[in-house]
Amino acid sequence: MPHILSVIGNTDVLKFVNLSSTTPNYICSPINVAPPCGQQKDCSNLANGRYADKDNNCSSYYTCNTGTFFGHSLCAGSLVFDEAKQTCNWPNNVLPPCGTNGTSSP
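Keep in mind the model is a prediction, meaning the values are calculated, not measured. (Residues numbered from 1 in each chain as written. Predicted model: local features only at pLDDT ≥ 70, side-chain atom pairs only at ≥ 80, totals over all residues. Heavy atoms only, no water.)

Visitor: Please explain the state of the cysteines as it appears in this structure.
Guide: Among covalent bonds in proteins, the disulfide is the one between the sulfur atoms of two cysteines. Tallying each qualifying case throughout the model produces 3 disulfides. Paired through a disulfide, Cys58 and Cys98 show a sulfur-sulfur distance of 2.0 Å. Measuring the twist about the S-S bond at about -60 degrees, one finds the Cys58-Cys98 disulfide to be left-handed. Of this pair, Cys58 sits in the loop between β4 (49–52) and β5 (60–65) while Cys98 sits in the segment after β8 (87–89), placing them 40 residues apart in sequence. The exposure classification of Cys58 matches that of Cys98, with both residues buried. Disulfide partner of Cys75: Cys88, at an S-S distance of 2.1 Å. Handedness here is read from the sign of the S-S torsion; for Cys75 and Cys88, about -75 degrees, the answer is left-handed. Residue Cys75 is found in the loop between β6 (68–74) and β7 (80–82), and its partner Cys88 is found in strand β8; the two are separated by 13 residues along the sequence. Note on accessibility: Cys75 and Cys88 belong to one class, buried. (Disulfide = S-S within 2.5 Å. Helix = DSSP H or I, 4+ residues; strand = E, 2+ residues; numbered from the N terminus. Buried < 20%, exposed > 50% of the residue type's maximum accessible area, 1.4 Å probe, protein only.)

So, in structure tokens, the structure goes:
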């Protein structure tokens, strides 16, 4: 279970840390805040899991469980969400459309 480490601003974004990880997770509060936090996603036809928010360039992800949307989480810094590993990761380690792994540079 995550534990709150600190509150950023006026509780629009809460910083959590998972005891099994050293990487903090940033959880959005969906009340009167800018995207992605204020955006709802349709989870009715999605399996339980976390999904990259491609509308936000994959710098955030949302959680679905039993067809219910459980909110957005933000990736730290320049990380993007890696659906295959279910965690935030460097773009060069993530397959497109969120990352650049497997693409060649000119």
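Visitor: Please explain the packing of aromatic side chains as it appears in this structure.
Guide: The way to describe two aromatic rings as a pair is by their centre distance and the angle between their planes. One pass over the full model with this rule turns up 3 aromatic pairs. Centroid distance Tyr61 to Phe81: 4.3 Å. Interplanar angle 25 degrees. Geometry classified as stacked. Residue Tyr61 is found in strand β5, and its partner Phe81 is found in strand β7; the two are separated by 20 residues along the sequence. Taken together, Tyr51, Tyr62 and Phe69 form an aromatic cluster joined through their ring pairs. (Phe/Tyr/Trp six-rings, centres within 6.5 Å; stacked < 30°, edge-to-face > 60°.)

Visitor: Could you clarify how one ought to interpret the environment of Asp55 in this entry?
Guide: When you line up the elements, Asp55 lands in the loop between β4 and β5. You can call Asp55 exposed: its relative accessible area is 63%. Side-chain polar atoms of Asp55 contact the side chain of Lys41, separated by 2.8 Å. (Polar contact = N/O pair within 3.5 Å; in protein donor to acceptor, adjacent residues only side chain to side chain.)

Visitor: Would you mind going over the side chain of Lys41 with me for this structure?
Guide: Inspection of the secondary structure assignment puts Lys41 in the loop between β3 (24–28) and β4. At 3.3 Å, the side chain of Lys41 forms a polar contact with the side chain of Asp53. Once residues within four sequence positions are removed from consideration, Lys41 is found in contact with Asp53, Asp55, Tyr62, Phe69 and His72. (Contact = heavy atoms within 4.5 Å.)

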